[in-house]
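Each chain, written out:
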Amino acid sequence: MPSITKLAGRIAKSPTIAMNDKAKQLAAEGHSVIGLAGGEPDFDTPAHIVEAGMKAIRDGETRYAAPSKGIGPLLEAIAAKMERDNNVSVDPMSDIIVTPGGKLALFLALKAMLDPGDEVLIPAPYWVSYPSIVTMVGGVPVTVATSSDDGYRLRLEDLRGFVTAKTKAIIINSPCNPTGHMLSSDEIEGIATLATEADLYVISDEIYEKLNFDGRPAVSLASLPDISDRVVVINGMSKAYAMTGWRLGWLAGPTALIGAAGKFNSQTATSAATFTQHAAVAALNGPQECVEMMRQSYQERRDFMVNSFNNIENMSCPDIEGAFYAFPKVDNTSKSSEEVASLILDKAVVVGVPGSAFGISKDAHIRFSFAEDLNLLTEAVERIRGIADQLA
Ligand code: PMP
Ligand code: GLU
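Just so we're clear, the structure is a prediction, and the values are computed from it rather than from any experiment.

Enquirer: If you had to explain the packing of aromatic side chains to someone new, which residues and values would you point to?
Expert: Per the stated rule, a full pass over the model turns up 9 aromatic pairs. Consider the rings of Trp127 and Tyr130, whose centres lie 5.5 Å apart with planes at 90 degrees: the pair is edge-to-face. Feature note: the residues Phe43, Tyr208, Tyr298, Phe324 and Tyr325 constitute an aromatic cluster, connected by ring pairs.

As structure tokens, then:
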């Protein structure tokens, strides 16, 4: 039998997807499982967006999209959205590629900027796929640890210590999956300084930008004039518009890099689904009340989760500024995050993702998505409270 690549042996299945699949399998087997592993809105896609997608199918928008980098109206809608929401000007025809999901956008961006052995700084806790995608395209992920003790602050002096002659990029995610941390203006300035002095690309993953709490909007790194020519924005429809299954994301950035990513897109995905792109036009150009309604609901659930975990003995959960994940930790335990997650799975039948998946080895954190019905979240928290003495 011919062998598979050595690289395949080094890449694990996405742990969030693995845990999500496990929860679904337990449910199918009849267990009364509460799955809070996957990061996916519980809302249906808003009706006017669904209708636009259905209409596009009925109108025969079922062929390859042309141009492959995205249909004109969607490229225009994304450029208008970036101008309106983010104060970022991009040329719709040369600076944007539409992809089947933000995850592929990230892959294409990294494929276009890394030569083998180039290093990418990744602040931890990080979204599970960053190091794997960097590795898959031949780069080297370099983890920069931050701590819950000081609100996961990213310091310029810490970042500088990780820069080498091979460092090519830094990945930023604000609001952050899994911590919800939003970059402060100080942190943003630090990243901009580092990018300029070390000649780096900044990949700014803004997929949770609309899901920010307490009235503090997320700032796009691309809106900083000094570094806008080295920032690549990753965004998509999945989270803000409850469109995970439509698979629609994009990258926007410097023309040369986007041109390279566009070639890779045409040689792999060909294009994002055509009718999905029409639905995305309706989402971006249409009424935005649906986004605000979902945001408010996540904010209520955020309040509930933070409050509940802080009231469970031996657990603590710092405030969450955005996205829809709680990342509490078990205090004073010698157990690892994997041990805690499997105890919670076995005894409370609640599925979360251990902190180790997000690059945290020191403390026993677990990520729970709160993009779920409040009654279900209440039941999950009560079940965890019931076994809390076994977690320490
Ligand atoms: N970035 C982050 C931080 C995410 O959590 C996700 C969720 N999967 C993505 C990017 C990509 O999402 P999608 O591929 O559904 O657009
Ligand atoms: N982004 C979500 C999560 O972190 C969806 C699953 C995935 O793509 O990893 O759970």
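There is more to say, and it comes next.
Enquirer: How would you sum up the site of ligand 2? Please name residues and give values.
Expert: Near ligand 2 there are 13 residues, and of these Thr16, Gly39, Lys103, Asn177 and Arg367 occur at the shortest range. Contact between ligand 2 and Lys103: an oxygen atom at 3.0 Å from a side-chain N or O atom of the residue. The side chain of Asn177 places a nitrogen or oxygen atom 3.0 Å from an oxygen atom of ligand 2. Taking 280 Å² as the accessible area of ligand 2 by itself, protein coverage stands at 85%. Across the shell around ligand 2, the residue classes break down as 5 nonpolar, 5 polar and 3 charged.

Enquirer: Report on the site of ligand 1, specifying residues and quantitative values.
Expert: Not every one of the 13 residues close to ligand 1 is listed here, only the nearest: Gly102, Asn177, Asp205, Tyr208 and Ser238. Residue Gly102 places a main-chain N or O atom 2.6 Å away from an oxygen atom belonging to ligand 1. Here an oxygen atom of ligand 1 sits 2.6 Å away from a polar atom, N or O, in the side chain of Ser238. In isolation ligand 1 exposes 390 Å². Once the protein is present, 93% of that is buried.

Enquirer: Can you lay out helix H9 (residues 255–267) for me, pointing to particular residues and giving the numbers?
Expert: Under the 1.5 Å per step criterion, the end-to-end length of H9 is 18 Å for 13 residues, consistent within 8% with the ideal 18 Å. Taken together, the buried residues of H9 touch strand S2 (96–99), helix H5 (102–113), strand S6 (201–205), strand S7 (231–236) and strand S8 (249–252).

Enquirer: Tell me what's going on with the sheet that holds strand S4 (residues 140–145), and back it up with residues and numbers.
Expert: Spatially, 7 strands are ordered S2-S8-S7-S6-S5-S3-S4 in an open sheet, and the strand pairing comes out mixed. The open sheet has two free edges, formed respectively by S2 and S4, since each of these has just one partner strand. Along the sheet, successive strands turn relative to each other by an average axial angle of 20 degrees, direction set aside. Where strand S3 (residues 119–124) meets S4, 6 bridges bridge the pair, whose relative direction is parallel. Looking at the pairing, Val120 lines up with Pro141 of S4.

Enquirer: I'd like to hear about the state of the cysteines, residue by residue, with values.
Expert: Summed over all chains, the structure comprises 0 disulfides. Not part of a disulfide, Cys176 finds its nearest cysteine sulfur in Cys317, a span of 13 Å. Classification of Cys176 by relative accessible area gives buried; the value is 9%. For Cys317, a relative accessible area of 3% gives the class buried.

Enquirer: Explain helix H8 (residues 185–198) residue by residue, including any values.
Expert: An α-helix turns once per 3.6 residues; consequently, residues spaced three or four apart project the same way. Relative to the 20 Å expected for 14 residues at 1.5 Å per residue, H8 spans 20 Å between its end C-alpha atoms, a close match to the ideal helical length. When we look at burial in H8, the residues that qualify are Glu187, Ile188, Gly190, Ile191, Ala192, Leu194 and Ala195. Downstream of H8 by one or two residues, Asp199 has phi in the positive range, about 55 degrees.

Enquirer: Can you lay out the packing of H5 against H9 for me, pointing to particular residues and giving the numbers?
Expert: Viewed as axis vectors pointing N to C, H5 and H9 meet at an angle of 115 degrees, and their least axial separation amounts to 9 Å. Where H5 crosses over H9, the handedness of that crossing is right-handed. Across the interface between the two elements, Leu104, Leu108, Ala109, Lys111, Ala112 and Met113 of H5 pack against Leu257, Ala260, Ala261, Phe264 and Asn265 of H9. Here the contact of H5 with H9 is built from residues that sort into 9 nonpolar, 1 polar and 1 charged.

Enquirer: Describe the side chain of Asp118, listing the residues and the values that go with them.
Expert: Examined against the element boundaries, Asp118 turns out to sit in the loop between H5 and S3. Classification of Asp118 by relative accessible area gives buried; the value is 11%. If we skip the residues at most four places from it in the chain, Asp118 touches Met113, Gly139, Val140, Lys166 and Lys168.

Enquirer: Describe the pattern of salt bridges, listing the residues and the values that go with them.
Expert: In this structure the tally under the stated criterion is 22 salt bridges. Here Arg230 makes a salt bridge to Asp199, at a shortest N to O gap of 3.0 Å. Of this pair, Arg230 sits in the loop between S6 and S7 while Asp199 sits in the loop between H8 and S6, and the two are 31 residues apart along the sequence. Across the pair Lys329 and Asp363 runs a salt bridge, and its minimum N-O distance is 3.6 Å. Separated by 34 residues along the polypeptide, Lys329 in strand S11 (residues 329–330) and Asp363 in the loop between strand S13 (353–354) and strand S14 (364–369) bring together distant segments of the chain. The exposure class assigned to Lys329 is buried, which follows from its relative accessible area of 14%.

Enquirer: Give a description of the environment of Val233 that names residues and reports values.
Expert: Inspection of the secondary structure assignment puts Val233 in strand S7. Sequence spacing of Val233 and Leu221 is 12 residues, and the spatial spacing of their C-alpha atoms is 8.2 Å.

Enquirer: How would you explain the pairing of strand S5 (residues 167–173) if you had to name every residue and give the values?
Expert: Where burial is concerned, most of S5 is hidden: 6 out of the 7 residues are buried. Summarising the sheet, S3 and S5 pair through 3 bridges and their orientation is parallel. Residue Glu119 lies in a different strand from S5, and its bridge partner there is Thr167. As defined by bridge partners, S5 adjoins S6 across 5 bridges and the pair is classed as parallel. Bridge pairing in S6 places Ile171 opposite Ile203.

Conventions we followed
Residues numbered from 1 in each chain as written. Chains lettered and ligands numbered in written order. Predicted model: local features only at pLDDT ≥ 70, side-chain atom pairs only at ≥ 80, totals over all residues. Heavy atoms only, no water. Phe/Tyr/Trp six-rings, centres within 6.5 Å; stacked < 30°, edge-to-face > 60°. Near = heavy atom within 4 Å. Polar contact = N/O pair within 3.5 Å; in protein donor to acceptor, adjacent residues only side chain to side chain. Areas by Shrake-Rupley, 256 points an atom, 1.4 Å probe, with all protein chains shown as cover. Nonpolar A, V, L, I, M, F, W, Y, C, P; charged D, E, K, R; others polar. Helix = DSSP H or I, 4+ residues; strand = E, 2+ residues; numbered from the N terminus. Expected span 1.5 Å × (residues − 1). Contact = heavy atoms within 4.5 Å. Pairing = 2+ DSSP bridges. Axes fitted to C-alpha atoms, helices over the stretch in contact; angles between N-to-C directions. Disulfide = S-S within 2.5 Å. Buried < 20%, exposed > 50% of the residue type's maximum accessible area, 1.4 Å probe, protein only. Left-handed = near helix turned anticlockwise from the far one by under 90°. Salt bridge = Lys/Arg side-chain N within 4 Å of Asp/Glu carboxyl O.

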